[in-house]
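Here's the letter readout for the chains.
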Amino acid sequence: MAEEHEHAVIRALFLPEQPEAAPQRIYVKGQVVTVLRFEQDLTPLRARLVGGEGRFEPVGVVGRKVVLEPRRDLAPEEGFSLLVTLSDAREVPFLLRPPGRREHGSADQQLNVFKDRDGYEAMASALLDSEKENKTLRAENERFRKEEASEDHALAALLTTESEAQTPFKGVERFSGKDDGAKLEGTVYRGKGKAAVVFRVKNLHAERSWSMKSVRLVGVADARERAIAVRSSAAVLEPGASGVIGLVVDGSAFLDGGALTALRLELYRQDGLLQAIVQLDPALLGE
């Protein structure tokens, strides 16, 4: 199962001055539309894929836009060339790649393509990109600051070092699973007013790295997303490597309208696929 957590991504691209320059990358995802929007004097005349026949919907050229849509996700090692012929007779190559470990694992939604970095529209677009990046960094810094002072994150960090004895948790359930990408063993913990889960992951793939893309904690009955503290021993697991992910859930997350409810924990790996589901019952909160 794949979970769609798409973030609208709009970027500015600038055409290289040297024809032999490496093609710029465009990140695409199955059944997600990506649009290249060109300046007026660079209106595309035609666009064609090299080697991607059958993998994409027919490439469309509409006014100043080129429209792409893969029929399914590209494999991590795949890449296809898009050749766009512009109104000034230039043929510009782009490389279509899956998002991989890119931030949020998100596809490009729109790419504004410019010829001149010093043009007004180009500078305005670049400024907007910079402002968005700064806003994201500020939000992340604030989140990190709060996490540093969070008891739940401190407990999760202890769990990733397998120092359960230094926490108030007691293991009550073990589970395991295995696919072509990873072997996963887990433990569910009961605590006073809190619950916890530890995943021990081993990357079984011979070539591809493994990483945690996201974690969701939702109510079984209402599907409302809750807060959860997450820590991991390594950001990326190379082939053959192992790591630990610790997660702590505060008792308030189990409340729904004043009543206790069961929760569902979902762990997603780097390609957006669901790696594990764990149900957490209110009984884990102890006395």
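Overview of the structure. (Residues numbered from 1 in each chain as written. Predicted model: local features only at pLDDT ≥ 70, side-chain atom pairs only at ≥ 80, totals over all residues. Heavy atoms only, no water.)

Details of unusual backbone geometry
Put simply, the rule reads: Numbering of helices and strands runs from the N terminus; a helix is a DSSP stretch of H or I covering at least four residues, while a strand is a stretch of E covering at least two. A simple rule labels every residue: compare its accessible area, found with a 1.4 Å probe on the protein chains alone, to the largest value its type can have, and call it buried under 20%, exposed over 50%, or partly exposed in between.
A positive phi is found at Glu162, a non-glycine position, where the angle reads about 55°. Structurally, the position occupied by Glu162 is in the loop between α2 (151–160) and β10 (170–178). Among the residues examined, Glu162 registers a relative accessible area of 45% and is labelled partly exposed. Here Ala223, not a glycine, exhibits a phi torsion of approximately 60°, which is positive. Secondary-structure assignment places Ala223 in the loop between β13 (212–219) and β14 (229–232).

A few points about the sheet that holds strand β6 (residues 65–68)
The cut-off we apply is this: In this description, strands pair whenever DSSP reports at least two bridges between them. Fitting a line to C-alpha atoms yields each axis, with helices limited to the stretch in contact; the angle taken between N-to-C directions then spans 0 to 180 degrees.
Sheet architecture is open: 5 strands sit in the order β1-β9-β3-β6-β5, paired in mixed fashion. Every interior strand has two partners, whereas the edge strands, β1 (10–14) and β5 (60–62), have only one. Across the sheet, the mean angle separating the axes of adjacent strands is 20° when strand polarity is ignored. Bridge count for β1 against strand β9 (residues 110–114) is 5 bridges, and the pairing is parallel. Each bridged residue has a counterpart across the sheet, and for Ile10 the counterpart in β9 is Gln110.

Regarding the environment of Gln40
Mapped onto the elements of the fold, Gln40 is located in the loop between β3 (34–38) and β4 (44–50). Taking relative accessible area as the criterion, Gln40 reaches 56% and is therefore assigned exposed. Separated by 47 residues in the primary sequence, Gln40 and Ser87 have C-alpha atoms spaced 9.4 Å apart.

Details of the sheet that holds strand β8 (residues 91–97)
Pairing in this open sheet of 4 strands is mixed, and the strands run β2-β8-β7-β4 from one edge to the other. One side of each edge strand has no neighbouring strand; the edge strands of this open sheet are β2 (24–27) and β4. Each strand axis lies, on average, 30° off the axis of its neighbour in the sheet, ignoring direction. Where β4 lies against strand β7 (residues 80–86), 6 bridges are found, and the strand directions are antiparallel. The residue of β7 that forms the bridge with Leu49 is Leu82.

Quick notes on the pairing of β7
For β7, the tally of buried residues reaches 6 of 7 residues, placing the bulk of the element in the interior. Bridging between β7 and β8 involves 6 bridges; their strand directions are antiparallel. When the sheet's bridge partners are listed, Leu82 is paired in β8 with Phe94. Counted along the chain from β7 to the antiparallel partner β8, the turn is 4 residues long, and its residue Ala89 has a positive phi close to 80°.

Quick word on empty space enclosed by the protein
For the record, the criterion: Site definitions follow a grid-based scheme: protein atoms alone, a 1 Å grid, a 1.4 Å probe that fits but cannot get out for cavities, and for pockets an open set with protein on both sides within 12 Å along at least five of seven lines, plus lining residues having an atom within 4 Å of a point. Grid points are joined across faces, edges and corners, and a volume is the space filled by probe spheres set on the points. Amino acids outside the nonpolar list (Ala, Val, Leu, Ile, Met, Phe, Trp, Tyr, Cys, Pro) and the charged list (Asp, Glu, Lys, Arg) are all regarded as polar, and Gly is one of them.
Counted according to the given criterion, the structure contains 1 cavity of 30 Å³ or more. Here the largest cavity is characterised by a volume of approximately 40 Å³. Lining the largest cavity are Gly181, Asn203, His205, Arg208, Ser209, Trp210, Arg269 and Gln270. Taken together, the residues that form the lining of the largest cavity break down as 1 nonpolar, 5 polar and 2 charged.

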